[in-house]
Amino acid sequence: MIKREACDKWFSDVVREKANYTCEHCKKTDSRMECAHIYGRRLKSVRWSLDNAVCLCHWCHRDFTENPLKFVEWLNQYFGEGHMEILREKQRAIFKATPEIKKEIAKHYREELKAMGENEGYEPRSYN
Ligand SMILES: [Zn+2]
């Protein structure tokens, strides 16, 4: 088992909570929900950006991972091509994820999750 960092854990919790633990693709709720990145986690520039992640059930996540063109087609439809264009620009940025920054990201998403739990309809803010 790979040890998950706090910044990734809180980010994933916010992405899934934001979607009400419902798969954004098939709308099911009765499966394990996962935080799926559009641009992979290797790209630190958007690894903790809310506009680069969707909540998917385990099955849709696996299907999209195996069929990336299908994923892109769905994303263009779901978010619109404007969103995808902004993301394409954003992922190019250099982002240095130092331990201090990761700590700050973890704190940011921990607080956003708390705010979501306390206020119905609270829209979480993205770290970047
Ligand atoms: Zn699904």
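As a starting point, this report considers the structure included with it.

Rules behind the numbers
- Residues numbered from 1 in each chain as written.
- Predicted model: local features only at pLDDT ≥ 70, side-chain atom pairs only at ≥ 80, totals over all residues.
- Heavy atoms only, no water.
- Donors = N, O, S within 2.8 Å, 3.2 Å for Na, K, Ca; no water.
- Tetrahedral: all angles 85-135°; square planar, octahedral: opposite > 155°, others 65-115°.
- Helix = DSSP H or I, 4+ residues; strand = E, 2+ residues; numbered from the N terminus.
- Buried < 20%, exposed > 50% of the residue type's maximum accessible area, 1.4 Å probe, protein only.
- Core = buried A, V, L, I, M, F, W, Y, C linked by side-chain atoms within 4.5 Å.
- Contact = heavy atoms within 4.5 Å.
- Phe/Tyr/Trp six-rings, centres within 6.5 Å; stacked < 30°, edge-to-face > 60°.

Another aspect to go through is the coordination of the zinc ion. Surrounding the zinc ion are the protein donor atoms Cys 23 (SG), Cys 26 (SG), Cys 57 (SG) and Cys 60 (SG), at 2.3 to 2.4 Å. Coordination at the zinc ion is tetrahedral: its 4 donor atoms span angles of 104 to 116° at the metal. Site description for the zinc ion: donor spacing in sequence, C-x2-C-x30-C-x2-C. Remark: Cys 57 occurs in strand β2 (residues 53-57) and Cys 23 occurs in the loop between α1 (6-18) and β1 (33-37); sequence separation between them is 34 residues. Relative accessible area serves as the criterion here: at 0%, Cys 23 is assigned to the buried category.

If you look at the biggest cluster of nonpolar residues, it comprises 30 residues, and the most contacted ones within it are Phe 11, Val 15, Ile 38, Leu 56, Phe 71, Trp 74 and Tyr 109. In terms of residue count, β2 provides more of this core than any other element does, 5 residues in total. If near-sequence neighbours (up to four positions away) are discounted, Phe 11 is found in contact with Cys 35, His 37, Arg 47, Trp 48, Ser 49, Leu 50, Ala 53 and Tyr 109.

Enumeration over the complete set of coordinates arrives at 7 aromatic pairs. Arranged with centres 5.5 Å apart and planes meeting at 20°, the rings of Phe 64 and Trp 74 form a pair that is stacked. Of this pair, Phe 64 sits in helix α3 (residues 58-66) while Trp 74 sits in helix α4 (residues 68-79), and the two are 10 residues apart along the sequence. Given the relative accessible area of 3%, Phe 64 is considered buried. Between Phe 71 and Trp 74 the ring centres are 6.5 Å apart and the planes differ by 10°, which places this aromatic pair in the stacked class. Placement of both Phe 71 and Trp 74 in helix α4 is noted, with a separation of 3 residues, approximately one turn of the helix. With respect to burial, Phe 71 and Trp 74 carry one shared label: buried.

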